[in-house]
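Analysis of the macromolecular model
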Amino acid sequence: MGMEGAENELVRQRLEKQAGIEAIDGVRYPNDFRIAGFVADAVAAAGDKDGPALEATPIEVAIAGRVMAVNSFGKAAFLRVRDQSGTLQAYVKKDAVDEATFERLKLTDIGDIVGVRGALFRTRTGELTVQAKEYRVLAKAQHPLPEKWHGLKDMEQRHRMRYVDLIVNEESREVFRTRTKVIQYIRRFLDERGYLEVETPMMHSVLGGANARPFRTHHNALDMDLYMRIAPELYLKRLVVGGFDRVYEINRNFRNEGLSNRHNPEFTMIEFYQAFATYLDLMDLTEELFRGLVQSVRGSLIAEFRGQKIDFEPPFRRLAICDALREYCGFEEADFHDPQKAFPKVLASGVAKDEAEHVWKKLGDVSPRDAALAIGMLAFEAKVEPHLVQPTFVTDFPAVVSPLSRRKDADPTLVDRFELYIGTNEFGNAFSELNDPQDQERRFQGQMAAKAAGDAEAMEYDEDYVRALTFGLPPTAGEGLGIDRMVMMLTGCDNIRDVILFPLLRPEG
RNA sequence: GGGCCCAUAGCUCAGCCGGUAGAGCAGCGGCCUUUUAAGCCGUUGGUCGCGAGUUCGAAUCUCGCUGGGCUCACCA
């Protein structure tokens with residue numbers, strides 16, 4: 001939306017009208033109109049009173065909002081005025097107002113912010129309307145609004161000028177109201193269960209808590225390089241060490257990776273931690289959370305996502321990684337112990353040979369069992385994920401790809417961990433936390449080895465975190481959920497940019 | 001980063017087998033004091049994303065660039 005050509009003419013006309021209003025009111029942007037409530041309050045005050053009732057006992061209101069439409073008759077006009085709470089029609093007629101007020105009406109454009117004071121009545125068709133005694137233009141829309149019933153369709157414009165998108169597209173407003181509802185629901189859910197909401201640093205000097213490439217920044221006074229956090233995990237567990245047994249944080253993480261319709265560089269996660277619980281407890285909690293959330297937002301336990309009907313009635317399917325590989329990729333017991341044997345099955349599952357080799361190589365020096373499981377995960381991603389349409393807890397991940405998770409008592413090469421899949425996408429990740437500081441040291445060393453072997457996403461060795469563990473982390477389980485994806489699922493949006501108010505875009509030319 | 005597709009008036013879109021642009025809404029002027037996508041009459045508005053090329057002539061064909069969408073890869 002440039003400012004050249006014909007648009008200049010439209011803007012010029014509006015600036016002239018603004019000057020006309022200034023000539024009447026002596027001020028371009030008046031600040032002396034006081035509302036007496038929102039539109040919804042005015043509507044509620046009228047209730048179901050009919051025209052004669054409103055005439056018998058007049059209800060005076062003072063509302064303000066944006067003019068969304070005008071039907072003008074020359075000597076009278078109807079305006080649809082919208083504020084955050086709703087829309088109310090206003091009626092300004094020449095013989096009911098003074099000359100200056102009617103002049104303001106004539107200088108009004110669609111898009112202007114106006115204030116209206118007057119009594120409520122009902123039109124011939126019964127629509128509640130405020131008959132203006134006072135009518136003011138509070139802020140001129142110098143720029144014309146997009147067309148009234150097609151709205152703004154252009155995706156780029158909607159993202160770049162979200163303010164315009166929100167003005168004209170009710171569906172967009174609804175998406176972001178839903179987003180707020182989702183976050184409020186999760187907060188209440190956890191607050192009610194004794195979780196403490198906390199805030200931990202978003203600027204980290206040590207990279208950890210997830211496997212991802214970071215953004216880097218710099219603190220001048222300390223002359224110190226910092227990472228924008230990729231996860232809050234290690235700080236939240238420090239708080240559990242500190243005695244906050246149940247904590248959560250809802251905030252942004254930053255990962256320096258490609259953009260897609262499912263990835264924005266900054267995205268919102270909730271992470272929560274519960275002492276004296278295991279990943280099995282969190283599965284139950286997660287089922288309860290999703291059941292209540294989906295019911296609350298959708299009004300049913302069925303959500304439609306990417307053309308699939310998703311049923312959130314618990315219990316969700318539980319599927320161990322190795323069982324999934326047996327079921328979908330033809331793995332046999334021997335394949336889980338020897339990467340040479342697993343390799344052909346991984347390729348047969350649709351994984352590119354050089355990719356499989358690359359992953360194998362960047363593991364560093366690990367046992368055959370660990371290597372077999374790690375490349376088996378590639379087969380899982382390629383062949384199993386597409387089957388995970390209904391909510392599914394995928395459990396028992398390889399320890400080698402889970403540096404912060406507690407090992408399974410029955411098999412220390414696996415961990416007490418699950419990921420939640422919905423509609424073939426990963427929505428959450430949870431595990432019983434590794435609270436053995438010596439094992440954590442070894443895992444960090446493994447990450448350092450992987451980094452040395454070329455894994456750009458490996459974690460750094462966090463000495464202070466290990467020190468925290470030496471003070472004693474209670475047996476704890478923790479979980480992270482991607483808020484943006486939950487909102488996508490609950491609103492039916494296919495593009496993450498539709499659920500983020502200001503997604504990252506290239507600068508305008 | 002790879003592949004496919006898109007970019008025409010403020011907005012939504014036609015035009016695209018080459019002959020220098022149209023509609024609806026918005027705007028402007030006129031009529032209209034209960035409209036609901038108000039109506040009727042008239043009317044303004046466009047370096048057809050940017051830059052090259054082919055051609056007598058390019059919105060239209062070719063190439064490049066920019067931005068975006070879908071998709072694959074990395075990831076959540």
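The rules behind these values
- Residues numbered from 1 in each chain as written.
- Chains lettered and ligands numbered in written order.
- Predicted model: local features only at pLDDT ≥ 70, side-chain atom pairs only at ≥ 80, totals over all residues.
- Heavy atoms only, no water.
- Helix = DSSP H or I, 4+ residues; strand = E, 2+ residues; numbered from the N terminus.
- Buried < 20%, exposed > 50% of the residue type's maximum accessible area, 1.4 Å probe, protein only.
- Areas by Shrake-Rupley, 256 points an atom, 1.4 Å probe, with all protein chains shown as cover.
- Lys, Arg positive; Asp, Glu negative; His and termini not counted.
- Charge placed at Lys NZ, Arg CZ, Asp CG, Glu CD.
- Salt bridge = Lys/Arg side-chain N within 4 Å of Asp/Glu carboxyl O.
- Pairing = 2+ DSSP bridges.
- Axes fitted to C-alpha atoms, helices over the stretch in contact; angles between N-to-C directions.
- Left-handed = near helix turned anticlockwise from the far one by under 90°.
- Contact = heavy atoms within 4.5 Å.
- Nonpolar A, V, L, I, M, F, W, Y, C, P; charged D, E, K, R; others polar.
- Arc of directions from axis to C-beta.
- pLDDT = per-residue confidence, 0-100.
- Expected span 1.5 Å × (residues − 1).

Observations regarding the overall build of chain A
- For chain A, the count of helices and strands is 16 helices and 18 strands.
- Dimensions of chain A along its principal axes, counting C-alpha atoms only, are 90 × 50 × 45 Å.
- Counting only residues that meet the buried cut, chain A has 50% of its 509 residues in that class.
- Split by element, the accessible area of chain A, about 24100 Å² in all, is 51% carbon and sulfur.
- Considering chain A, the positive charge centre built from 66 side chains and the negative charge centre built from 81 side chains are found 5 Å apart.

Regarding the pattern of salt bridges
- A complete count under the given rule lists 49 salt bridges for this structure.
- The partner of Arg-117 in a salt bridge is Glu-134, and the shortest N-O contact between them spans 2.8 Å. In this pair, Arg-117 is assigned in strand β4 (residues 113-122) and Glu-134 in strand β5 (residues 128-139), connecting sequence segments 17 residues apart.
- In this structure Arg-117 comes out as partly exposed when scored by relative accessible area, which is 27%.

A few points about the sheet that holds strand β9 (residues 224-228)
- If you trace the 3 strands from one edge of the open sheet to the other, you get β7-β9-β8, paired in antiparallel fashion. With partners counted over all chains shown, the strands left at the sheet margins are β7 (203-204) and β8 (216-219), one partner each.
- Two strands pair when backbone bridges link them, and β8 and β9 are joined in this way by 4 bridges, in the antiparallel orientation. Within the sheet, the bridge partner assigned to His-219 lies in β9 and is Met-224.

Regarding unusual backbone geometry
- Each neighbour pair has its own omega, and for Pro-314 with Pro-315 the value is 0°, a cis peptide bond.
- Tracing the chain through its elements places Pro-315 in the loop between β13 (308-311) and β14 (317-320).
- Residues other than glycine seldom take positive phi values, yet Asp-396 does so here, at roughly 60°.
- As for its placement among the helices and strands, Asp-396 is situated in the loop between β15 (392-395) and β16 (417-422).
- Accessibility expressed as a relative area gives 15% for Asp-396, which makes it buried.
- Backbone geometry at Thr-424 places phi at a positive 70°, although glycine is not the residue there.
- On the secondary structure map, Thr-424 appears in the loop between β16 and β17 (425-432).

Some thoughts on the packing of helix α12 (residues 353-362) against helix α13 (residues 368-384)
- Between α12 and α13, whose axes approach to 10 Å, the crossing angle comes to 140°. Judged by the twist between their axes, the crossing of α12 over α13 is right-handed. On the side of α12, the interface is formed by Glu-355, Ala-356, Val-359 and Trp-360, while α13 contributes Ala-371, Ile-375 and Leu-378.
- Each residue belonging to the contact of α12 with α13 can be placed in one class, and the counts come to 6 nonpolar, no polar and 1 charged.

With respect to helix α11 (residues 339-348)
- Taken together, the buried positions of α11 are Pro-339, Ala-342, Phe-343 and Val-346. In an axial view of α11, the angular spread of the buried residues amounts to 115°, which keeps them on one side of the axis. α11 presents Gln-340 and Ala-348 as exposed residues on the side facing more than 90 degrees away from its buried surface.
- Those residues of α11 hidden inside the fold are in contact with α12 and α13.
- Just beyond α11, the residue with positive phi is Gly-350, at close to 100°.

A look at the environment of Glu-99
- Along the chain, Glu-99 falls in helix α4 (residues 99-106).
- For Glu-99 and Asn-169, which are 70 residues apart along the polypeptide, the C-alpha to C-alpha distance reads 35 Å.

Notes on the sheet that holds strand β2 (residues 76-83)
- Strand order in the closed barrel formed by 5 strands is β1-β2-β3-β5-β4, with mixed pairing between adjacent strands. Adjacent strand axes in the sheet meet at a mean angle of 55°, parallel and antiparallel pairs treated alike.
- Relative to strand β3 (residues 86-93), β2 is paired through 8 bridges, and the arrangement is antiparallel. Across the sheet, Arg-80 pairs through a bridge with Gln-89, a residue of β3.

As for the confidence of the model for chain A
- Per-residue confidence for chain A gives a mean pLDDT of 93; residues scoring 70 or more make up 98%.
- Prediction confidence for the complex, expressed as pTM and ipTM, is 0.93 and 0.92 respectively.

Some thoughts on the pairing of β15
- Neither face of β15 is exposed, since Thr-392 and Val-394 on one face and Phe-393 and Thr-395 on the opposite face are all buried.
- Relative to β15, β14 is paired through 4 bridges, and the arrangement is parallel. By the bridge assignment, Leu-319 is partnered in β15 with Val-394.

Points about helix α9 (residues 279-298)
- Taking 1.5 Å per residue, 20 residues should reach 28 Å; α9 reaches 27 Å between its end C-alpha atoms and fits that length.
- Here α9 has its buried residues at Tyr-279, Leu-282, Met-283, Leu-285, Thr-286, Glu-287, Leu-289, Phe-290, Gly-292, Leu-293, Val-294 and Val-297.

Considerations on the pairing of β4
- Sheet topology places strand β1 (residues 60-72) next to β4; 7 bridges connect them, and they run antiparallel. When the bridges of β4 are listed, Glu-60 appears paired with Ala-119.
- Between the antiparallel neighbours β4 and β5 lie 5 residues, among them Gly-126 with a positive phi of about 90°.

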